[in-house]
Amino acid sequence: SNNNHDSVHEKLLQFLAECDSFHGSNKKVEVSLGYHYTSPEYLSCIQKYGLLNRQERRKLQICVRENGQTHGLGIYTSSNPMAFHKFRDHATLGLYVLRLSGVANSNNNNNNNNSSGASTVTHAEYCDTVTKQRGIGKDVMVLRSSAQCVVLGH
């Protein structure tokens, strides 16, 4: 529908503005493609508002099933379409998303290890992206803001 087209156009403009903001803040700007799984019943809402984090949904009074926040507040995506198969009992709709990551907080970067060999995580609240490797092909990228992603299709 034309209304949906306007919404996607608006989300793309927000995404590009966020890219500019990252660039202006001297953040590393990385754009990638990924997947987000959801319940089919949420598709019309996503087409209208885009993907939202928990705070953004609450502000708009949008109620959805919450999946927890293992890696903090954000929109959970992966470059692997099968990474979220454990949620497939209800999240059966795969969305193809354009993602913007900047200052990433990663648990698999080897130059940031402490003496015990465990990765240290610093200032997570200041990062706009969290990346986590949960085994081969099970990467997770958590985007803190809805402006960091645009749904391209399903």
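Residue positions are given per chain, counted from 1 along the sequence in the order it is written. In keeping with the predicted nature of the model, local features appear solely for residues at pLDDT of at least 70, side-chain atom pairs appear and are counted solely at 80 or more, and the whole-chain, interface and lining totals rest on all residues. Side-chain measures were taken over the full set of non-hydrogen atoms in the model, leaving aside hydrogen atoms and water.

Novice: Report on the nonpolar core, specifying residues and quantitative values.
Specialist: Grouped burial of nonpolar side chains is what soluble globular proteins tend to show. The set of buried Ala, Val, Leu, Ile, Met, Phe, Trp, Tyr and Cys residues whose side-chain atoms join them within 4.5 Å is what this entry labels a nonpolar core. Accessibility here uses a 1.4 Å probe with only protein chains present; expressed as a share of the type maximum, an area under 20% marks a residue as buried, one over 50% as exposed, and anything in between as partly exposed. Formed by Tyr-42, Leu-43, Ile-46, Leu-51, Ile-75, Leu-93, Leu-95, Val-97, Met-141, Leu-143 and Cys-149, the largest nonpolar core amounts to 11 residues. Of all the secondary structure elements, the ones that give two or more residues to this core are α2 (43–49), β3 (93–101) and β6 (139–143). Residue contributions to this core peak at 3 residues, all from β3. Residues Tyr-76, Ala-83, Phe-84 and Val-140 belong to the second largest nonpolar core, which totals 7 residues. Helix numbering and strand numbering both begin at the N terminus, where a helix is a DSSP run of H or I of at least 4 residues and a strand a DSSP run of E of at least 2.

Novice: Please provide a residue-by-residue account of the layout of surface pockets, values included.
Specialist: As defined here, a cavity is a set of points on a 1 Å grid over the protein atoms alone where a 1.4 Å probe fits but cannot get out. A pocket is an open set with protein on both sides within 12 Å along at least five of seven lines, and residues line them when an atom is within 4 Å of a point. Grid points are joined across faces, edges and corners, and a volume is the space filled by probe spheres set on the points. In this model, the second largest pocket occupies a volume close to 180 Å³. Going through the elements one at a time, α1 (2–24), α2 and β7 (149–153) are the ones with two or more residues in the lining of the second largest pocket. Take the lining of the second largest pocket: its biggest share by element is 5 residues, from β7. Considering only residue class, the lining of the second largest pocket consists of 8 nonpolar, 6 polar and 1 charged. Side-chain classes are defined by residue name, with Ala, Val, Leu, Ile, Met, Phe, Trp, Tyr, Cys and Pro counting as nonpolar, Asp, Glu, Lys and Arg as charged, and the others, Gly among them, as polar.

Novice: An account of the confidence of the model for the protein chain is needed here, citing residue identities and associated values.
Specialist: Interpretation of this model should avoid reading the predicted coordinates in detail wherever pLDDT is low. As a per-residue quantity, pLDDT reports the predictor's confidence and falls between 0 and 100. Summarising the model, the protein chain shows a mean pLDDT of 77, and 70% of its residues fall at 70 or more. Element-level mean pLDDT values for the protein chain span from 59 in strand β4 (residues 104–106) up to 93 in β7.

Novice: Which residues make up the sheet that holds strand β1 (residues 30–38), and what are the values?
Specialist: Being paired, for any two strands, means DSSP has found at least two bridges between them. The 3 strands are arranged β1-β3-β7 in an open sheet whose pairing can be described as antiparallel. With partners counted over all chains shown, the strands left at the sheet margins are β1 and β7, one partner each. Neighbour-to-neighbour, the strand axes of the sheet open up by a mean angle of 35°, direction not taken into account. Of the strand pairs in this sheet, β1 and β3 are connected by 9 bridges, and their pairing is antiparallel. Each residue of the ladder has a partner; that of Glu-30, found in β3, is Ser-101. Note on geometry: axes are C-alpha line fits, over the in-contact stretch for helices, and angles between N-to-C directions span 0 to 180 degrees.

Novice: Tell me about the pairing of β6, residues and numbers included.
Specialist: The buried count for β6 comes to 5 of 5 residues, which makes it a mostly enclosed element. Alternating residues of β6 divide into Asp-139, Met-141 and Leu-143 and Val-140 and Val-142, and every residue in both groups is buried. The pairing of strand β2 (residues 75–77) with β6 spans 3 bridges and is classified as antiparallel. Bridge pairing in β6 links Thr-77 to Met-141.

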